[in-house]
Amino acid sequence: MLPFGLPLTAEGLLQLPATKTIRRHLSDMRGYYADADAYAARLAAEDSLIYTFWETEYTGDTRGLSFGITEIVPGTVGREFHMTKGHFHASDGDEIYLTLKGRGKLLLQTRQGEARTYDMTPGGICYIPTGWGHRTVNVGAEPFIFVSIWPPHIVHDYESVQKYGFPQLMLQGDSGPVEAPNPRYQAG
Ligand code: S6P
Ligand code: ZN
């Protein structure tokens, strides 16, 4: 990795060459949304883009840092807001999220079933210790964009989240986002 100095904005950071660009569409999110009928109906109409992340994963020795920029498109599946799949770090390694644009929520869970939720607004920072599964949700009407920074050689565990979900769902209420318990959740 070469040194760089850029404005902490989506426009600034997106100038960086990403080593990977991953786009997750509705069809990649089968089983993730609580309302299976709403999911099927939307997918039948269109396989829309839910989120993109541009990643520069550090694969050298143990000194570097990996980072990524995630953009979640606004919208819902049924009443549930667009979100990332979410994962645990299966190996030791904490992570930092810095919000650049839009309005989001960070959902956290431990494998024992403890849950926490944090607001993500521009200029805000969230710290995710190892052991806390994490998912981000766009609860606004605009694209929600944040930066993530994590140490090298992290193993990402998606399987536990795919199987058990998160304890909390983030739903569209009458006057903004509301959190509800996930009826299908089981502690991993
Ligand atoms: C990586 C970090 C983020 C996510 C990205 C997409 O440790 O937490 O860069 O990879 O926000 O989410 P997900 O759950 O599909 O990897
Ligand atoms: Zn992570």
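Coordinates for the structure precede this section.
Cut-offs used in this document
- Residues numbered from 1 in each chain as written.
- Chains lettered and ligands numbered in written order.
- Predicted model: local features only at pLDDT ≥ 70, side-chain atom pairs only at ≥ 80, totals over all residues.
- Heavy atoms only, no water.
- Pairing = 2+ DSSP bridges.
- Helix = DSSP H or I, 4+ residues; strand = E, 2+ residues; numbered from the N terminus.
- Axes fitted to C-alpha atoms, helices over the stretch in contact; angles between N-to-C directions.
- Phe/Tyr/Trp six-rings, centres within 6.5 Å; stacked < 30°, edge-to-face > 60°.
- Buried < 20%, exposed > 50% of the residue type's maximum accessible area, 1.4 Å probe, protein only.
- Near = heavy atom within 4 Å.
- Polar contact = N/O pair within 3.5 Å; in protein donor to acceptor, adjacent residues only side chain to side chain.
- Areas by Shrake-Rupley, 256 points an atom, 1.4 Å probe, with all protein chains shown as cover.
- 1 Å grid on protein atoms, 1.4 Å probe; cavity = no way out; pocket = protein on both sides within 12 Å on 5 of 7 lines; lining within 4 Å.
- Sits in = over half its atoms within 2 Å of the grid points.
- Core = buried A, V, L, I, M, F, W, Y, C linked by side-chain atoms within 4.5 Å.
- Points joined across faces, edges and corners; volume = space filled by probe spheres on them.
- Nonpolar A, V, L, I, M, F, W, Y, C, P; charged D, E, K, R; others polar.

Undergrad: Explain the sheet that holds strand β11 (residues 133-138) to me, using residue names and the numbers behind them.
TA: Spatial strand order, β9-β8-β11: three strands in an open sheet with antiparallel pairing. Strand pairing shows two members of the sheet lacking a second neighbour, β9 (115-120) and β11, which therefore form its edges. This sheet shows a mean twist of 20° between the axes of neighbouring strands, independent of strand direction. Both strand β8 (residues 104-109) and β11 contribute to a ladder of six bridges, which runs antiparallel. The residue of β11 that forms the bridge with Leu106 is Thr136.

Undergrad: Account for the packing of aromatic side chains, with residues named and values stated.
TA: Ring pairs (aromatic) are described by centroid distance and by the angle formed between their planes. Going through the model one piece at a time under the given rule, you end up with four aromatic pairs. Relative to Phe53, the ring of Tyr51 has its centre 6.0 Å away and its plane inclined at 20°; by these criteria the two rings are stacked. The same class applies to Tyr51 and to Phe53, which are both buried. In this structure an aromatic cluster arises from ring pairing among Tyr97, Phe144 and Phe146.

Undergrad: Can you tell me about the site of ligand 1, naming the residues and giving the values?
TA: Neighbouring ligand 1 are 17 residues, the closest being Tyr51, Thr70, Glu95, Tyr97 and Tyr158. In the model, an oxygen atom of ligand 1 is placed 2.9 Å from a nitrogen or oxygen of the Gly86 main chain. The side chain of His134 places a nitrogen or oxygen atom 3.4 Å from an oxygen atom of ligand 1. Summarising the interface, the protein chains cover 99% of the accessible area of ligand 1, which totals 400 Å² for the free molecule. Assessed atom by atom at 2 Å from the grid points, ligand 1 resides in the largest pocket. Tallying contributions element by element places strand β12 (residues 144-150) first for the shell around ligand 1, with three residues.

Undergrad: Account for the nonpolar core, with residues named and values stated.
TA: The biggest cluster of nonpolar side chains holds 30 residues, and the ones touching the most others in it are Met29, Tyr33, Tyr39, Tyr97, Leu106, Met120 and Val137. Secondary structure elements with two or more residues in this core: α2 (36-45), β2 (49-56), β8, β10 (125-128) and β12.

Undergrad: Mind laying out the layout of surface pockets, listing which residues take part and the relevant values?
TA: One number sums up the size of the largest pocket: a volume of about 310 Å³. Around the largest pocket, the lining comprises 24 residues; the ones closest to its centre are Phe53, Glu55, His87, Tyr97 and Tyr158. Contributions of two or more residues to the lining of the largest pocket are made by β1 (20-25), β2, β3 (66-72), β7 (95-101), β11 and β12. Its residues placed into classes, the lining of the largest pocket shows seven nonpolar, ten polar and seven charged.

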